[in-house]
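# Per-entry structural report
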Amino acid sequence: AVAVIISIPIIFVFQSVFTDSGDIWSHLVETVLVDYVTNSFWLMLGVGLGVCVIGVGTAWLVTMCSFWGSSWFEWSLLLPLAAPAYLLAYAYTDMLDYFGPVQIWLRSIFGWTSVRDYWFPDIRSLWGAVVMLMLVLYPYVYLLARLAFLEQSVCTLEASRSLGCNPWSSFFTTALPLARPSIMAGLALALMETLNDFGTVQYFGVNTFTTGIYRTWLGMGERAAAAQLAAFLMLFILVLIVLERWSRSQSRYYQTGNVGQHLPKYNLGWLRGILAWFACFLPIALGFLIPSGYLLQMTLNNLSETLDDDFWSLANHSFLCAIATAFIAMVIALILAYGQRLQPNKAMKTSVRVAAMGYAIPGSVIAVGTLIPLGNFDNAVDAWMRSNFNISTGLLLSGTILTLIYAYLVRFLAVALSSVESSLNKITPNLDDASRSLGYGTTSTLVKVHVPMMWGGLLTAAMLVFVDVMKELPATLVIRPFNFDTLAIRVYQYASDERLIQASAPALAIVLVGIIPVILLSVRIAKSRSI
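On a predicted model such as this, the values are computed, not experimentally measured, just so you know.

## Side note on the overall build of the protein chain
For the protein chain, the helix and strand inventory stands at 25 helices and two strands. Excluding contacts between residues fewer than 6 apart, the proportion of contacts in the protein chain whose partners are at least 24 apart in sequence is 82%. Carbon and sulfur atoms provide 65% of the accessible area of the protein chain, an area that totals close to 24700 Å².

## Thoughts on the state of the cysteines
According to the stated counting rule, one finds zero disulfides in the structure shown. The cysteine C280 is free of any disulfide, with C65 supplying the nearest cysteine sulfur at 8.9 Å.

## Let's talk about the nonpolar core
Formed by 169 residues in total, the largest nonpolar core has its most connected members in V51, F67, Y90 and F149. If one sorts the elements of this core by residue count, helix α7 (residues 126–151) sits on top with 16 residues. The residues contacting Y90, other than those within four sequence positions of it, are G199, Y203, V491, Y492, A495 and L500.

## What to know about a nonpolar patch on the surface
The grouping of W270, L271, I274, L275 and F278 at the surface amounts to a nonpolar patch, some 600 Å² of accessible area in total. Structurally, L271 can be placed in helix α14 (residues 269–301).

## Quick look at helix α1 (residues 2–15)
Over its 14 residues, α1 runs 20 Å from end to end, which matches the ideal 20 Å to within 8%, given 1.5 Å per residue. Along α1, the sharpest change in direction is near 50° and occurs at I8; proline P9 comes one to four residues later. Buried within α1 are the following residues: A3, I6, S7, P9, I10, F12 and V13.

## Focus: the packing of aromatic side chains
Here the structure, examined in full by the defined rule, presents 18 aromatic pairs. Look at F311 and W312: their rings are 4.9 Å apart centre to centre, the planes differ by 75°, and that puts the pair in the edge-to-face class. Assessed through its relative accessible area of 52%, W312 is described here as exposed. Chaining the aromatic ring pairs together yields one cluster made of F67, W68, W72, F73, W75, W277, F278 and F281. For the cation-ring pair, R107 lies above Y98, with the distance from its terminal atom to the ring centre recorded as 4.0 Å.

Quick notes on the rules
All residue numbers refer to position in the chain's written sequence, counted from 1. pLDDT decides what is reported in this predicted model: residues at 70 or higher carry local features, side-chain atom pairs at 80 or more are listed and counted, and totals for whole chains, interfaces and linings draw on all residues regardless. Here the side-chain values reflect all heavy atoms present in the structure, with hydrogen atoms and water set aside. A run of H or I in DSSP counts as a helix once it spans at least four residues, and a run of E counts as a strand once it spans at least two, with each numbered from the N terminus. Whether two residues are in contact is decided by their heavy atoms: any pair within 4.5 Å suffices. Areas reported here follow the Shrake-Rupley algorithm with a probe of radius 1.4 Å; residue values treat only the protein chains shown as occluding. Only a pair of cysteine sulfur atoms within 2.5 Å qualifies as a disulfide here. The set of buried Ala, Val, Leu, Ile, Met, Phe, Trp, Tyr and Cys residues whose side-chain atoms join them within 4.5 Å is what this entry labels a nonpolar core. Burial classification: accessible surface area is computed with a 1.4 Å probe over protein chains only, and a residue below 20% of its type maximum counts as buried, one above 50% as exposed, and the rest as partly exposed. In this analysis, a patch consists of residues with relative accessible area above 30% that form no salt bridge, clustered at 9 Å for like charges and at 5 Å for the nonpolar side chains Val, Leu, Ile, Met, Phe, Trp and Tyr. When a carboxyl oxygen of Asp or Glu is within 4 Å of a side-chain nitrogen of Lys or Arg, the pair counts as a salt bridge. By this rule the span expected of a helix is its residue count minus one, scaled by 1.5 Å. Two axes enter the bend calculation: one fitted to the seven residues ending at the residue in question, the other to the seven starting there, and the bend is the angle between them. Stacked, tilted and edge-to-face are the three classes assigned to paired rings of Phe, Tyr and Trp, where Trp is represented by its six-membered ring and a pair needs centres within 6.5 Å; plane angles under 30 degrees give stacked, over 60 edge-to-face, the rest tilted. Comment: the charge-over-ring label is applied if NZ (Lys) or CZ (Arg) is within 6 Å of the ring centre and within 35 degrees of the ring normal.

Written out as structure tokens, the structure is:
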């Protein structure tokens, strides 16, 4: 039942392919669809290459190489996860603008008087969007690649060295192929987030499927065409998943060594150590330190404009939605995971996987798939009440906070489920048998035995969902009730109006909240293996 309820938006988007949208679809094909496909493809290609180079390279350096600061970089390389790409886009646009601090400083140093005296790259472009997304999404690849390197067999690495492999050849011939499944999983997550992005590409004027769905829905008022664009975007996602799995369908990856052994590290020396330090520090500086510091400076310099009553009202809205969604997602994830534990049959496992597939679907797609069926339901109830009781019920669900929270659940339930499943699977089934032998039923066993033992995993699941909801923009922009803005919405609105000073405090609040899962992930990595 939960799987059916959660999957309604996704099923609706799929079936919308067969809906007649009139002439609007042919108009989109003739005018903008090629731009959507082309820009989305180049965006994915650029971001994919960038996150692989940065994520895999830094993961190898901090895991297998010894240089000054490597232990600090292990966790700090995750910091860009705290900042959504659209916040970097707004901050860097203001910094690199003609009247921004960077160009003002360059003109004062070199004596330039006008823009005709020099050339400066335009960040509001496709390549600018690639860089912004690359800086905040590389931690997906870094995180999974580092875990893969930590779990690799020491015997395998020592065998490669005994065969004459230097550090470079050992990396390319042994470590990298063994880590390929993890790297591809991280890359898939990064590309899904790339296709989900709205704030960055819209601000930079890059036409992608996400911006097209928003314009078709709100600009043209064509719901059917917006749903078909959403289905087309989902096709991109499915192709990504199928290609990745097909590429390694005949491959098997096993680690046969003792993962508790000490990993031998390469001593880089002072010159290579300096280069490695800069290679790790640069993504952190560009993806977190510089934009966060710039936002903090603007907030502190304009406290009367930034921390006003409006800010606290927006923060209250964001926290309300995030806390409610996090609690409900934690409960639903616990029900699904426990149900799968009690009845591990194929039907149950399939249902759980269906309920968790929303994370692979962009927020704009979920928004379309949520509003249209709920709107149809509201209209059907209203029509029935009018015909039978001459009473108009109006819109019961559409345009309410409940609809917004429902869309969040569809999008982020998988985040909670993965954490809850991980914690529940660590509890031995013998405890279930012992509890039942003492007269406890399945529900009592869950409440009195399992929940206390997996409390940390439940809190982690709730916290991750909380942070994701705080940062979510595309679905919130479409679904939110009237006069119910969140921090993310207000940052987008202020930045669109070129009012970055007013946007600095909400943006900084989102970044600060986003640091919480970074700390949790860092602790988990540190405990995964003693090195």
